[in-house]
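# Architecture and fold: a report
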Amino acid sequence: MSGVGGNISSRKDMIVETVDKKFIEQGELEKKNDFLRSYWTNCALTGDSLTTPIVVTRTGHLMNKISLVEAMLRKKLPKEYRFIRSLKDVSEIDLLGEKSLNSYVCPLSQRKPAVSTSRQFLFVWKCGHIFDSEALKYLEKEQEIINENDKSENSEKIENPNNDEVCEVRKCPICGAEYEACDIIPLCSYTFSHQETLKMKKKMKHSQKK
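Residues numbered from 1 in each chain as written. Predicted model: local features only at pLDDT ≥ 70, side-chain atom pairs only at ≥ 80, totals over all residues. Heavy atoms only, no water.

## Some points on the sheet that holds strand E4 (residues 62–64)
Under the convention used in this document: Pairing between strands is defined by DSSP: at least two bridges between the two strands are required. Under the DSSP-based scheme used, a helix requires at least four consecutive residues in state H or I and a strand at least two consecutive residues in state E, with every element numbered from the N terminus. Between N-to-C directions, angles cover 0 to 180 degrees, with each direction set by a line fitted to C-alpha atoms, over the stretch in contact for helices. Two residues qualify as a contact provided that any one of their heavy atoms is within 4.5 Å of a heavy atom in the partner residue.
Spatial strand order, E4-E3-E5: 3 strands in an open sheet with antiparallel pairing. Strand pairing shows two members of the sheet lacking a second neighbour, E4 and strand E5 (90–92), which therefore form its edges. Each adjacent strand pair in this sheet contributes to an overall mean axis angle of 35°, direction not counted. Taken together, the 3 bridges between strand E3 (residues 54–57) and E5 define a ladder with antiparallel strand orientation. Across the sheet, residue Val55 finds its bridge partner in E5, namely Glu92. Against the sheet, helix H2 (residues 65–73) contacts E3, E4 and E5, and its axis sits at roughly 75° relative to E4.

## Notes on the sheet that holds strand E11 (residues 184–187)
Overall, antiparallel pairing links the 3 strands, which are arranged E7-E6-E11 in an open sheet. Of all strands in the sheet, those bounded by a partner on one side alone are strand E7 (130–132) and E11. Within the sheet, the average angular offset between the axes of one strand and its neighbour, ignoring direction, is 30°. Relative to E7, strand E6 (residues 121–124) is paired through 3 bridges, and the arrangement is antiparallel. When the bridges of E7 are listed, Leu122 appears paired with Phe131.

## Some thoughts on H2
The line we're drawing: A 1.4 Å probe rolled over the protein chains alone gives each residue an accessible area, and that area as a share of the maximum for its type sets the label: buried under 20%, exposed over 50%, partly exposed in between. As used here, the arc belongs to the directions running from the helix axis to the C-beta atoms.
Those residues of H2 that fall on the buried side of the exposure criterion are Ser67, Leu68 and Ala71. When H2 is viewed along its axis, its buried side chains cluster within an angular range of 100° and face the same direction. Exposed side of H2, more than 90 degrees from the buried face: Ile66 and Leu73 are the residues found there. In this structure, the buried side of H2 is in contact with E3, E4 and E5. Once H2 finishes, Lys75 follows within two positions and takes phi at roughly 55°, a positive value.

## A short note on the confidence of the model for the protein chain
Definition in use: pLDDT is a residue-level measure of predictor confidence that goes from 0 to 100.
Confidence along the protein chain averages 76 in pLDDT terms, with 60% of residues attaining 70 or more. Averaged pLDDT values for the elements of the protein chain fall to 48 in strand E8 (residues 157–159) and rise to 98 in E5. Taken as a whole, residues 155–161 scores under 50 in pLDDT and shows 19 contacts with residues more than four places along the chain or in a different chain.

## Remarks on the nonpolar core
We apply this condition: Here the nonpolar core consists of buried residues drawn from Ala, Val, Leu, Ile, Met, Phe, Trp, Tyr and Cys, with membership extended through side-chain atoms lying within 4.5 Å.
Formed by 38 residues in total, the largest nonpolar core has its most connected members in Leu62 and Met63. Counting only elements with at least two residues in this core, the list comes to helix H1 (11–41), E3, E4, H2, E6, E7 and E11. No other element matches the 4 residues that E6 contributes to this core. Residue contacts for Leu62: discarding those within four places in its chain leaves Tyr39, Trp40, Asn42, Cys43, Ala44, Leu50, Ile54, Val55, Val56, Ile93, Leu101 and Leu187.

Okay, here's the thing in structure tokens:
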């Protein structure tokens, strides 16, 4: 039966469309889970298991520091990582005494960057500490209120020489190191493309064959 201005979808078409949608959603979920598993457990450069010392790039990729140094010395960095010219272009993670990311727990929320969750973590570039995004943002908001009331030095605005943005000076709740909002690197934000996930899988398979 047809209606004004077009055809009315049959029940069969509607069922097929619903099934297709579920398959697409399931596929996206599997991609995301693959990403989460590889992100927290495997070096983005080699696909090997992440072992300390671990470094973070400005783009939020996690790498084994030793593997990165070796690749730089041999001039074997993949094209996507050639923006790394020296170790100044990465920052080392401080796991607060833990041996691996799997055992690391955010000191603010007591949450782990588990592979089964999409919860975001943030990396402070200046000192190397990792925090649960929600916990750190809550703490920063509380500190902003205190700063406004007390007119403390931490609430002073400074100009960022790189992009002329105005950033607020804050302090790491663990070590007290000063940092700007623009020094926060999002981790595991699932912004990598599907192609990047496939590259990681290939690296992992190659690493397992060694």
